[in-house]
Amino acid sequence: MKRIFGLQTAAGFKLFAALGAVVLAIAAAELAYGPVSLSLSEVSSAILGWGDASSTAIVTQIRAPRLLLGIAVGTALALSGCALQGVLRNPLADPGLIGVTGGASVGAAATIVLGDALALELPREIRPYLLPVSAFLGCALVTSFVFRLSRHAGTTSVATLILAGVAINAIAGAAIGVMVYISDDRQLRDLTFWTMGSLGGANWTMVAVTLAVVSVAAAALATLGRALDLFQIGERAAFHSGLNVERTKRNIALLSAIAVGGATAAAGPIGFIGLVAPHMARLIIGPSHRLVLPASALLGMGLLLGSDLAVRNIVPPAEPPIGLATSLIGGPFFLWLLLTRMKGRGLVA
Amino acid sequence: MKLIVPTALVAVLMSTVSLSETFPQRIVSAGGDLTEIVYALGAEDRLIGFDVTSNYPPSARDKEQIGYVRRISAEGVLALGPDLVLGAHDMGPPAAVDQLRAAGVRVELAPRGDSAKGIPEKVRFVGQLLGLTDKARQLASQIKADLSREAARAASKQPKPRVIFVLALGEGEPMVAGVGSSAAKIIELAGGTNAVTQFKGYKPMSREAILAAQPEVLLMMDSAVGRYGGIDKILERPELALTPAGQTRRYVSMDGMLLLGFGPRTPLAIEQLGEALRQ
Amino acid sequence: MLEVQDVTIRFGGDTPAVDNVSIAVKPGEIVSLCGPNGAGKSTLLSVLAGDLPPQEGRAFLDGRHLHDFSPQELATRRAVLEQSPTLAATFKVKQLAGLSIAIEISPDTVREIVTDTLMAVGLQHRAENRADLLSGGQQHRAHLSRVLSQLSSAGVEEGRYLLLDEPTARLDLIHQVTAMRVARKAAQQGVGVLVVLHDLNLAAAFSDRVALMHEGKLVAEGTAEKVFTGDRLSEVYEAPLQVDRGPSNTVRVSPIFFADSG
């Protein structure tokens with residue numbers, strides 16, 4: 001974090017401390033509040049391992065995995081959204097744009113509709129992982145295909161990338177349409193609910209795998225601050241400034257695909273965070289990606305955990321899909337931020 | 001033991017301890033058919049929560065609502081403090097089922113039962129869990145007897161009338177029940193034959209294909225008839241008006257859960273539908 | 001020395017964009033690349049910048065093949081100001097000015113370098129302003145400051161090169177001179193400067209050598225006095241031009257206007 005030039009470092013530090021404190025508070029609330037009311041002392045003794053069986057199970061088997069999955073998914077979506085917006089120089093870019101989410105959705109839809117027969121052949125322990133694995137494979141397949149298409153003579157064309165993503169999304173939509181058509185009533189409902197996302201499927205195995213996948217990708221994405229800054233003056237100028245543009249583009253695409261693929265496989269497609277968290281970060285902390293990246297990650301976590309907290313507690317014992325809450329909470333917050341900042345600064349990037 | 005214990009858990013402890021029985025007293029039911037069975041067994045006071053498909057008897061709607069059976073929230077259900085979660089065979093997601101079990105809640109998934117044979121099986125299954133084995137056996141054999149009586153009556157009318165079940169109409173093509181759907185099964189049990197043989201499950205069917213299928217009776221759910229402006233409006237639609245059903249205005253409209261629930265009321269549903277078909 | 005030998009670049013079509021050109025820039029000198037639109041000046045500059053590998057011929061930086069340098073290494077040896085630099089973020093002018101610095105140095109050193117280069121292009125009073133809200137010319141100067149910062153931070157004394165593609169095109173008269181003075185000052189510090197210029201008088205006034213291109217070919221190279229002759233310029237530009245001497249005996253090129261008879 002050297003050379004944070006142009007930022008009053010003390011002010012920046014304060015903003016980060018405030019952001020971190022808010023996220024920490026939401027994370028604590030995620031552990032402390034749920035449909036089953038537990039006192040803080042029960043929660044803490046459950047964490048420390050000397051609580052009674054029931055509260056321990058609630059905290060360690062239900063809330064803690066959700067918390068960690070929420071952190072992983074929020075970080076993954078926000079960082080890859082930030083990196084893709086940066087590298088494509090397109091403020092509307094999000095992981096859905098280059099077909100990442102579309103691929104995962106095709107994989108998931110195929111498993112939900114066609115996987116029943118296959119699932120019966122598998123041992124019971126493996127069956128729950130069939131869907132996340134095929135969602136991830138679908139994502140990997142589609143992303144590599146999109147990048148193949150947009151690579152010509154050693155360079156990746158951003159315009160082709162976006163167009164290929166649009167085409168792939170259309171094809172994915174059609175494939176999902178076919179799945180919807182041949183699905184029965186139960187499969188259709190499963191599919192519909194999957195597309196709205198949920199952290200409810202979190203168990204420790206899933207959390208461990210997702211955290212491992214996401215943290216590798218996120219750690220690598222978080223080092224790309226200078227590279228993303230340089231993309232803002234164009235690819236040629238970035239090369240003139242010492243950036244290996246081709247390699248950086250490939251890495252960002254690969255890392256985003258891994259992060260979003262992992263997140264989507266575990267929690268379904270959760271929209272809006274990848275699009276909006278980086279914008280919020282820029283409005284709060286300025287344009288320098290060295291700061292925007294970590295701030296996006298924090299905002300992504302905060303938004304996702306806050307949304308999960310809301311859906312878990314709003315109409316217990318039922319639980320609405322989290323996708324509804326990310327937009328309902330994130331949308332107005334983003335608008336407020338946008339309007340207050342616009343007053344202060346004139347134009348908004 | 002901690003001093004502060006959540007009220008729900010207190011309730012669990014008290015009910016199990018004071019009644020000193022091994023049979024569950026606080027039951028969450030995820031499946032409309034299972035809920036109806038519990039009611040039919042007279043154990044409704046032990047039910048504390050239901051899923052969205054549990055809408056009969058009407059008093060069931062007053063209890064806690066746990067959402068859709070394939071997307072239950074483990075902690076939401078736990079908050080009710082149940083000692084038994086009675087689930088349809090496809091209750092999910094799997095992680096939530098595992099979490100419920102990890103928290104010490106008994107979860108039992110009913111056998112799949114969308115056939116005439118499956119209903120008595122489900123009844124006996126629920127009865128066993130609730131400690132009402134005798135009552136369940138009685139109910140099961142009653143259902144069996146009713147079903148075979150209806151089967152005999154259904155066989156009496158030949159040829160079987162061709163029935164089309166329309167699930168939804170909407171703007172596009174009507175959504176119609178195909179081969180193997182629960183509607184097709186009930187139609188056959190009631191002595192009709194499903195006019196649609198081209199596809200499985202519920203699918204949109206083109207207007208020409210509906211005309212070609214030549215249905216003699218239109219079958220719909222009450223709620224759908226209401227939603228699309230009453231039976232007269234529906235029978236005026238060209239794809240139905242020109243069929244034998246439209247021209248003779250032969251239609252049956254029934255409550256959805258009664259018709260398709262495959263619960264204790266299914267013999268009644270078969271009887272009602274059968275009578276309409278034999279007219 | 002930054003040089004190309006017998007370089008040809010084709011973008012498809014019959015006539016190559018650059019046709020068998022050899023040219024070299026030595027440390028401490030300013031070479032101006034002139035010629036009408038479409039002559040191949042920017043393409044040649046791209047080859048020298050390392051953007052375009054030569055399809056035929058070779059490109060060297062101090063005797064080493066240009067394509068053997070990593071982007072990072074290259075960035076410490078040469079800086080490039082594009083014809084139309086862009087900015088898609090809301091950086092402040094001072095952030096933009098320090099953006100291309102390609103090596104890890106202390107924030108204090110960055111601040112000093114940026115202050116100096118902003119001063120050099122006359123933007124020191126705009127340091128805290130948002131770069132994307134400046135006027136076109138000011139933005140261009142901010143990018144010039146960025147390129148200068150990159151070069152002066154490089155920590156390399158010998159063998160640095162500055163490539164400027166029409167740096168004066170969007171500037172007012174005074175700042176055109178400012179920009180060329182900046183180039184002159186860089187040259188005095190040992191930097192080899194190649195500058196694409198449309199203003200032949202600026203080229204004549206500030207360059208050690210000028211190179212004239214036409215239809216992808218290098219037509220002439222040498223001092224402005226030798227290269228800029230009325231006949232040659234009129235032929236290359238396909239318009240009547242006259243050459244005379246300005247006040248301090250510099251070459252002065254001006255078009256001959258005919259009064260419209262209509």
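As a reminder, the structure under discussion sits directly above these lines.
Here is what the cut-offs are and how they apply
Residues numbered from 1 in each chain as written. Chains lettered and ligands numbered in written order. Predicted model: local features only at pLDDT ≥ 70, side-chain atom pairs only at ≥ 80, totals over all residues. Buried ≥ 20, exposed ≤ 12 C-beta atoms within 10 Å, placed from the backbone. Helix = DSSP H or I, 4+ residues; strand = E, 2+ residues; numbered from the N terminus. Pairing = 2+ DSSP bridges. Contact = placed C-beta atoms within 7 Å. Core = buried A, V, L, I, M, F, W, Y, C linked by C-beta atoms within 7 Å. Nonpolar A, V, L, I, M, F, W, Y, C, P; charged D, E, K, R; others polar.

Trainee: Could you give an account of the pairing of strand β6 (residues 162-168) of chain B, naming the residues involved and the relevant values?
Mentor: Residues and elements named next belong to chain B. Among the seven residues of β6, five are classified as buried, and the element is accordingly described as predominantly covered. Note that β6 and strand β8 (residues 193-194) share two bridges and pair parallel. Bridging across to β8, Arg 162 finds its partner in Thr 193. As paired elements, β6 and strand β10 (residues 217-221) share three bridges and run parallel to each other. Its bridge partner being in β10, Val 163 is matched across the sheet by Val 217. Inspection of the sheet shows β6 paired to strand β7 (residues 175-177) by two bridges, in the antiparallel sense. Across the sheet, the residue bridging to Ala 168 is Met 175, located in β7.

Trainee: I'd like a rundown of the pairing of strand β4 (residues 56-61) of chain C, residues and numbers included.
Mentor: Residues and elements named next belong to chain C. Of the pairings in the sheet, the one linking strand β1 (residues 2-9) to β4 comprises five bridges and is antiparallel in character. Bridge pairing links Glu 3 to Phe 60 in β4. With two bridges connecting them, β4 and strand β5 (residues 64-65) associate as antiparallel partners. Opposite Phe 60, over in β5, you have His 65 as the bridge partner. Hairpin connection, β4 to β5: the antiparallel pair is bridged by two residues, and Asp 62 has positive phi, about 50°.

Trainee: Residue-level account of the interface of chain A and chain B, with values.
Mentor: As a measure of interface size, the accessible area lost when the parts come together is often cited. Counting residues at the interface gives 31 residues for chain A and 34 residues for chain B. Among the elements of the structure, α2 (40-48), α3 (53-88) and α7 (185-194) of chain A are those that each provide at least two residues to the side of chain A that touches chain B. Broken down by element, the residue count for the side of chain A that touches chain B peaks at six residues, all from α3 of chain A.

Trainee: I'd love a proper account of the nonpolar core, names of residues and values included.
Mentor: Core analysis: the biggest nonpolar cluster contains 269 residues, and Ala 76 and Ala 259 of chain A, Ile 164 of chain B together with Ala 183 of chain C have the highest contact counts within it. Considering every element that reaches this core, the biggest residue donor is α3 of chain A, with 19 residues. When residues no more than four places from it in sequence are discounted, the contact partners of Ala 259 of chain A are Ala 76, Leu 79, Ser 80, Val 214, Ala 217, Ala 218 and Leu 221 of chain A.

Trainee: So what about the interface of chain C and chain A? Which residues, and what values?
Mentor: On the side of chain A, 23 residues touch chain C, which itself brings 29 residues to the contact. Within the residue set of the side of chain C that touches chain A, elements represented by two or more residues are α2 (71-75), β6 (78-81), α3 (93-98) and α4 (107-120) of chain C. In terms of residues, the side of chain C that touches chain A owes the most to one element, α2 of chain C, which gives four residues. Its residues assigned to classes, the side of chain C that touches chain A comprises 16 nonpolar, seven polar and six charged.

By themselves, these are just geometric observations and shouldn't be taken as functional.
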